[in-house]
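Next come the chains, spelled out residue by residue.
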Amino acid sequence: MSIQNRAHYKLATAELAKWLETQGDDCWWSVDGDPLLTGLVSFPSPSSELAEALRQINIPLLLQDKNDAAQATGQQITASDLNRLAETDDVGNRSFLLGWENSPADDLGWLLVEDRESARSSSSSSAATSAQ
């Protein structure tokens, strides 16, 4: 079922970009199911690269409520709301089911997923390079 037809919030891309930047470049992210972002960014990518691409796109987002709460009726949210709205897996990766506001009504959305493993690998590679 489309995000538009489920419990969801509206989110400006600038707000998601702002939140991503507060996570720092020690946080890496992957996107699954969105050709627009995957055409602009190589994933996994650090927060700053993804934030820059989101600002370029500048299309409002819909964020599905993880609990399908009845009070999630398309109201505007900000970066300060994202920590409580994130799904978290067993290893602590956060994720969001998002869709572009202008997507067709049958669009199922796409996933934004934190990638702690890639962040660790990148950190290890950077440390090894700087030690040389």
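Summarised in this report is the structure supplied together with it.

Parameters at a glance
Residues numbered from 1 in each chain as written. Predicted model: local features only at pLDDT ≥ 70, side-chain atom pairs only at ≥ 80, totals over all residues. Heavy atoms only, no water. Axes fitted to C-alpha atoms, helices over the stretch in contact; angles between N-to-C directions. Helix = DSSP H or I, 4+ residues; strand = E, 2+ residues; numbered from the N terminus. Parallel < 35°, antiparallel > 145°, perpendicular 65-115°, else oblique. Contact = heavy atoms within 4.5 Å. Nonpolar A, V, L, I, M, F, W, Y, C, P; charged D, E, K, R; others polar. Salt bridge = Lys/Arg side-chain N within 4 Å of Asp/Glu carboxyl O. Buried < 20%, exposed > 50% of the residue type's maximum accessible area, 1.4 Å probe, protein only. Core = buried A, V, L, I, M, F, W, Y, C linked by side-chain atoms within 4.5 Å. Phe/Tyr/Trp six-rings, centres within 6.5 Å; stacked < 30°, edge-to-face > 60°.

### Looking at the packing of helix α1 (residues 13-23) against helix α3 (residues 47-57)
- Interaxial distance between α1 and α3 falls to 8 Å at its minimum, and their mutual angle equals 170 degrees. In terms of their interaxial angle, α1 and α3 are classed as roughly antiparallel. Residues Thr13, Ala14, Leu16, Ala17, Lys18, Leu20, Glu21 and Gln23 of α1 pack against Ser47, Leu50, Ala51, Leu54 and Arg55 of α3.
- Taken together, the residues of the contact of α1 with α3 break down into seven nonpolar, three polar and three charged.

### Some thoughts on the pattern of salt bridges
- Overall, the coordinates contain eight salt bridges when judged by the stated rule.
- Here Asp68 makes a salt bridge to Arg6, at a shortest N to O gap of 2.4 Å. On the criterion of sequence distance, the pair formed by Asp68 in the loop between β4 (61-64) and β5 (73-77) and Arg6 in the segment before β1 (8-11) is long-range, its members being 62 residues apart.
- Ionic pairing is found between Glu117 and Arg120, a salt bridge with its closest N-O pair at 3.1 Å. Of this pair, Glu117 and Arg120 both sit in helix α5 (residues 116-131), three residues apart, roughly one helical turn.
- On the basis of relative accessible area, Glu117 is assigned to the partly exposed category, the value being 49%.
- The exposure class assigned to Arg120 is partly exposed, which follows from its relative accessible area of 49%.

### Some words on the nonpolar core
- Membership of the largest hydrophobic core comes to 31 residues, with the highest contact counts inside it found for Leu16, Leu37 and Leu112.
- Counting residues per element, this core draws most heavily on α3, which supplies five residues.
- The residues touching Leu37, leaving out its near neighbours within four places in the chain, are Val31, Phe43, Leu50, Ala53, Leu54, Ile57, Trp100 and Trp110.

### Quick look at the packing of aromatic side chains
- Under the counting rule described, the total for this entry stands at three aromatic pairs.
- With 5.4 Å between their ring centres and 90 degrees between their planes, Trp19 and Phe96 make a pair best called edge-to-face. Taken together, the residues span a long stretch of sequence, with Trp19 in helix α1 and Phe96 in strand β7 (residues 94-100) at a distance of 77 residues. Comparing Trp19 with Phe96, the two get one shared label, buried.
- Seen from their ring centres, Trp100 and Trp110 are 5.4 Å apart, and the 35 degrees between their planes marks the pair as tilted. Placement of Trp100 in strand β7 and of Trp110 in strand β8 (residues 110-114) is noted, with a sequence separation of ten residues between them.

All we've got here are geometric facts, nothing functional implied.
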